[in-house]
Structure formats: structure tokens, C-alpha cells
Amino acid sequence: MPHDTFLNLSIEKRQSIDTILLNTFYDQPVSQVKVAEIVSKMKMSRGAFYKYFDDLEDAYTYIINKYAVVIHQDIIKYIQDDRNQFFIGIEKYLVWCSQLDHNEEYWKSLRLLTESNDLSAYKRFPLASDSPLVTQWTDILNASQIIIEDHDESVSFLFFIMELVMNSLTGFIANDWTTEELVTDYRFRVKWITHGVAPNIPIANESSLLQ
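This one's a predicted model, so the numbers in the text were calculated from it and none came from an experiment. (Residues numbered from 1 in each chain as written. Predicted model: local features only at pLDDT ≥ 70, side-chain atom pairs only at ≥ 80, totals over all residues. Heavy atoms only, no water.)

### Considering the packing of helix H9 (residues 151–174) against helix H10 (residues 179–195)
When two helices pack together, their arrangement is given by the angle between the helix axes and by the axis-to-axis distance.
Move 1: Here H9 crosses H10 at 145°, and the two axes come no closer than 9 Å. The handedness of the crossing between H9 and H10 is right-handed. Listed contacts from H10 to Phe160, Leu164, Asn167, Ser168, Leu169 and Phe172 of H9 are Thr179, Leu182, Tyr186, Arg189 and Ile193.
Move 2: The residue makeup of the contact of H9 with H10, split by class, is 7 nonpolar, 3 polar and 1 charged. (Axes fitted to C-alpha atoms, helices over the stretch in contact; angles between N-to-C directions. Helix = DSSP H or I, 4+ residues; strand = E, 2+ residues; numbered from the N terminus. Left-handed = near helix turned anticlockwise from the far one by under 90°. Contact = heavy atoms within 4.5 Å. Nonpolar A, V, L, I, M, F, W, Y, C, P; charged D, E, K, R; others polar.)

### Regarding unusual backbone geometry
Move 1: Positive phi outside glycine occurs at Lys43, with the angle close to 60°.
Move 2: Residue position: Lys43 is located in the loop between helix H3 (35–42) and helix H4 (46–52).
Move 3: A residue is classified by how much of its surface remains accessible, and Lys43, at 79% relative accessible area, is exposed.
Move 4: Phi at Gln145 takes a positive value of approximately 60°, unusual for a residue other than glycine.
Move 5: Relative to the helices and strands, Gln145 is located in the loop between helix H8 (132–143) and H9.
Move 6: The class of Gln145 is exposed, set by a relative accessible area of 71%. (Buried < 20%, exposed > 50% of the residue type's maximum accessible area, 1.4 Å probe, protein only.)

### Regarding helix H2 (residues 11–27)
Move 1: Here H2 contains 17 residues, and its C-alpha end-to-end distance of 24 Å stays within 8% of the 24 Å for a straight helix at 1.5 Å per residue.
Move 2: Within H2, the full set of buried residues consists of Ile17, Asp18, Ile20, Leu21, Leu22, Thr24 and Phe25. (Expected span 1.5 Å × (residues − 1).)

### What to know about the pattern of salt bridges
Move 1: A complete count under the given rule lists 5 salt bridges for this structure.
Move 2: Asp81 is paired through a salt bridge with Lys77; the nearest N and O atoms lie 3.9 Å apart. With Asp81 and Lys77 both in helix H5 (residues 56–81) and 4 residues apart, the pair spans about one turn of that helix.
Move 3: Of the residues examined, Asp81 reaches a relative accessible area of 55% and is grouped as exposed.
Move 4: With relative accessibility at 47%, the residue Lys77 sits in the partly exposed group.
Move 5: Between Glu91 and Arg187 there is a salt bridge, with its nearest N and O atoms 2.7 Å apart. (Salt bridge = Lys/Arg side-chain N within 4 Å of Asp/Glu carboxyl O.)

### Some thoughts on H10
The periodicity of an α-helix, 3.6 residues per turn, causes residues three or four places apart in sequence to face the same way.
Move 1: The end-to-end C-alpha separation of H10 is 24 Å, in line with the 24 Å expected for 17 residues at 1.5 Å each.
Move 2: For H10, the set of buried residues is Thr179, Leu182, Val183, Asp185, Tyr186 and Val190. Projected down its long axis, H10 carries its buried residues within an arc of 165°, all on one side. Exposed positions of H10 whose direction lies more than 90 degrees from the buried face are Glu180 and His195.
Move 3: Residues of H10 that are buried make contact with helix H6 (86–98) and H9.
Move 4: Taken from the residues just after H10, Gly196 is the one with a positive phi, measuring 80°. (Arc of directions from axis to C-beta.)

### Quick word on a negative patch on the surface
Move 1: On the surface, Glu149, Asp150, Asp152 and Glu153 cluster together into a negatively charged patch.
Move 2: Considering the arrangement of structural elements, one finds Glu149 in the loop between H8 and H9.
Move 3: For Glu149, a relative accessible area of 67% puts it in the exposed group. (Patch = residues over 30% accessible without salt bridge, like charges linked within 9 Å, V, L, I, M, F, W, Y side chains within 5 Å. Areas by Shrake-Rupley, 256 points an atom, 1.4 Å probe, with all protein chains shown as cover. Lys, Arg positive; Asp, Glu negative; His and termini not counted. Charge placed at Lys NZ, Arg CZ, Asp CG, Glu CD.)

### As for the packing of aromatic side chains
Move 1: Using the criterion set out here, one finds 18 aromatic pairs in the structure.
Move 2: Centre to centre, the rings of Phe49 and Tyr50 are 5.3 Å apart; their planes meet at 90°, and the pair counts as edge-to-face.
Move 3: You can call Phe49 buried: its relative accessible area is 0%.
Move 4: With centroids separated by 6.3 Å and ring planes inclined at 85°, the aromatic side chains of Trp107 and Phe172 adopt a geometry described as edge-to-face. (Phe/Tyr/Trp six-rings, centres within 6.5 Å; stacked < 30°, edge-to-face > 60°.)

As C-alpha cells, then:
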């Protein structure tokens, strides 16, 4: 997590640093990024960087989490627009993403999350049961008549949906799909989730799995 010295910066200063971090990590794998490169872009000393973050990995995790939250919020917004058609809202979000200008910050944040080659993009950030995000999510689940037992399952389902979106976008980017191809693949996934797969697929028994 960033230090208080970073969190206490003005909104404009934090946004400037966020943009630099996004553009730096978007352009190259984190393993190739140097602190010297970032501080040069920030026009600050190396010591100032360490007043903001523990290390390079801390800065990377921070920017991943920041945009993950933004994307979560946007997915929820799209779903809320179609409260009675849960997966339609997600489809509309995917279509919108597929048509973004690739120079836009939002597109870069999507690429950053889809191309992350470590566990940072999949690490779940804590969500309190009374957080606005969880409250909105709970309202959506209730409106969509999706049966969830408790807070832990609700949060797990939220991250599951996030992974569904990011996996769909990863396929879109990796395969250079059109928007139509993205939607077709997404609808396959929705069918599997909502209706399951063919019931006659053989299931290996436990002994065969252990051989």
C-alpha cells in the first residue's frame, strides 16, 4: 500500500503520478521497469519515490488495485442499467471496452490488467460488508434474484464476474477479435454459467485422477 505521504498529496499530484505509473507499467513488463525511469518521469529524487512506496512492486500493486476498483465500479454501473438482465449489462460493458481508442487511459488500464503476468491482478482487495461497492453489488444480486448465502460468497461472486470480464477482454486482445467475435465468445461463457454444460460428459473417478 502507498504511504501516507502519497495519500496526503493533492488529487492533481496523485493523478499525475498515477498516469506516469500506468504508462510505465503499460509499456513494458514490471520486471524490466527501473525506479530510475519512474523518478525521472516524475521529476523527483529517488528518495522521494520511497517516501511514497515501499518499492517498485508496491507501486505496481497499487496501480493494479486502483484500476481494478475502477473497473469493478464500471461493471456494476452497466449491470445496474439492466437490473433485470444481469449478463446483458456486462455484455454492454464489453462492447464499450472493445470500441475504446487505444490511446485512452481506460484502455491502457484494461491492457495492464489483462497482460499482467503475475498474481497482482488476481489478488483480492478487502471489501467491508458496508462498503458502497458491496452495497451496490448486493442490491444488484437481489434485483437479479441471484441467490447468495452471505457476504463472503457475495464478494467471491463479484471477483468471479470481474475475472469473467477480464478473461473475455484478454481473449479479445490476444486473438485480435472483432466486437462481434468478443460478444459471441462471451455468450458461450454465459450459457455455460447459466445452463451448465452437456450432462453426458464423462467424469473421471477419483482413483483415475490419482494414477
